[in-house]
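# Per-entry structural report
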Amino acid sequence: MTSLVITDIDGTITGDDRAVHLKCVRYLRELQERGIPVGIATGNTLYYSRSAATLLGFEGPLIAENGGIVAVDDEEISTVPEEDIELIQEAYRELRRRLGVRRTEPPGLRRTEVALYRDVPIEEVERVLDGLGYSDRIEVVDTGFAYHLKSKRVDKGKGLLVICERLGIDPDDVVAIGDGDNDAPLLKAAGLGVAPANATENVKRIADVVLDAENGEGVATFLRKLLEEVDA
């Protein structure tokens, strides 16, 4: 029984042009009409996640900042220990001084991690973090849109588990859909992990279902079949 569908956006329910695939939105809304909440899991901020959910008509829980923040109904939960947040800010200041890295948002908008423009090779960022002793607790994740400095203790999968606990949902009853390496923990934590054909090799290895088509085209086909199963 499916109790929740949670999906990444970019590269998952979009097309090649990054525009939202309208059939995906239609099918996801139809699932909600049948009593199955639909949520978003993203590396972006909670502000962005709420805005996107409103525009798309999704009413389920949200995972933002790669699991650092989750929102269930009106409750916002930070999953990152405060000492890790302080360490991430400290590491960012060192990276800025040594490599000239730049934030993608003003300070304060992103609450549990720091997202950086991809101006320098990620290997350089990792080298500095390792050399200064930060790599035991901080990792840098390349989402293809930004480098994310984040706590190693948190990911989208752990965000999903917090949501399931709050809602009383068995993770085995969750369908999770994603394409990037930061989605891999999400797909692993869910009962059914689904990856479009454009997903990274790491995600494909973890996914229970790898679709034949890429991006939203592949996901739309899967969602249509899921609707048929729900209606059966």
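What this report covers is the structure whose coordinates are included nearby.

## Quick word on the overall build of the protein
In terms of helices and strands, the protein carries 8 helices and 11 strands. Against the compact-globule benchmark of 17 Å for 232 residues, the protein has a radius of gyration of 17 Å, which places it among compact chains. Dimensions of the protein along its principal axes, counting C-alpha atoms only, are 60 × 35 × 30 Å. Put simply, of all contacts in the protein between residues at least 6 apart along the chain, 57% involve residues at least 24 apart.

## Regarding the packing of aromatic side chains
Taken as a whole and assessed by the stated rule, the structure comprises 0 aromatic pairs. If you follow R102 out to its NZ or CZ, it ends over the ring of Y117, 4.3 Å from the centre. Lying over the aromatic face of Y92, R103 brings its terminal NZ or CZ to 4.4 Å of the ring centre.

## Some points on the sheet that holds strand β8 (residues 147-151)
If you trace the 3 strands from one edge of the open sheet to the other, you get β6-β8-β7, paired in antiparallel fashion. This sheet does not close on itself; its edge strands, each paired only once, are β6 (114-116) and β7 (138-142). Put simply, the sheet's adjacent strands are angled 25° from each other on average, direction ignored. Sheet topology note: the β6/β8 ladder contains 3 bridges and is antiparallel. Across the sheet, A115 pairs through a bridge with H148, a residue of β8. Those strands touched by helix α4 (residues 122-131) are β7 and β8, and its axis lies near 175° from that of β7.

## Quick notes on the packing of helix α1 (residues 22-33) against helix α8 (residues 215-231)
Interaxial distance between α1 and α8 falls to 8 Å at its minimum, and their mutual angle equals 25°. In terms of orientation, α1 lies roughly parallel with respect to α8. For the crossing formed where α1 meets α8, the hand is left-handed. In this structure, α1 contributes K23, C24, Y27, L28, E30 and L31 to the contact, and α8 contributes G216, V219, A220, L223, R224, L226, L227 and V230. Its residues placed into classes, the contact of α1 with α8 shows 10 nonpolar, 1 polar and 3 charged.

## What about the packing of helix α3 (residues 82-99) against α4?
The description of two packed helices rests on the angle between their axes and on the distance between the axes. Direction vectors running N to C along α3 and α4 enclose 120°, while the axes themselves pass 10 Å from each other. One finds that α3 runs oblique with respect to α4. In terms of crossing hand, the pair formed by α3 and α4 is right-handed. Residues A91, L95, R98 and L99 of α3 pack against E124, V125, R127, V128 and L129 of α4.

Reading the values: rules and limits
Residues numbered from 1 in each chain as written. Predicted model: local features only at pLDDT ≥ 70, side-chain atom pairs only at ≥ 80, totals over all residues. Heavy atoms only, no water. Helix = DSSP H or I, 4+ residues; strand = E, 2+ residues; numbered from the N terminus. Rg over C-alpha atoms; globule rule 2.2 N^0.38 Å. Contact = heavy atoms within 4.5 Å. Phe/Tyr/Trp six-rings, centres within 6.5 Å; stacked < 30°, edge-to-face > 60°. Lys NZ or Arg CZ within 6 Å of the ring centre and 35° of its normal. Pairing = 2+ DSSP bridges. Axes fitted to C-alpha atoms, helices over the stretch in contact; angles between N-to-C directions. Parallel < 35°, antiparallel > 145°, perpendicular 65-115°, else oblique. Left-handed = near helix turned anticlockwise from the far one by under 90°. Nonpolar A, V, L, I, M, F, W, Y, C, P; charged D, E, K, R; others polar.

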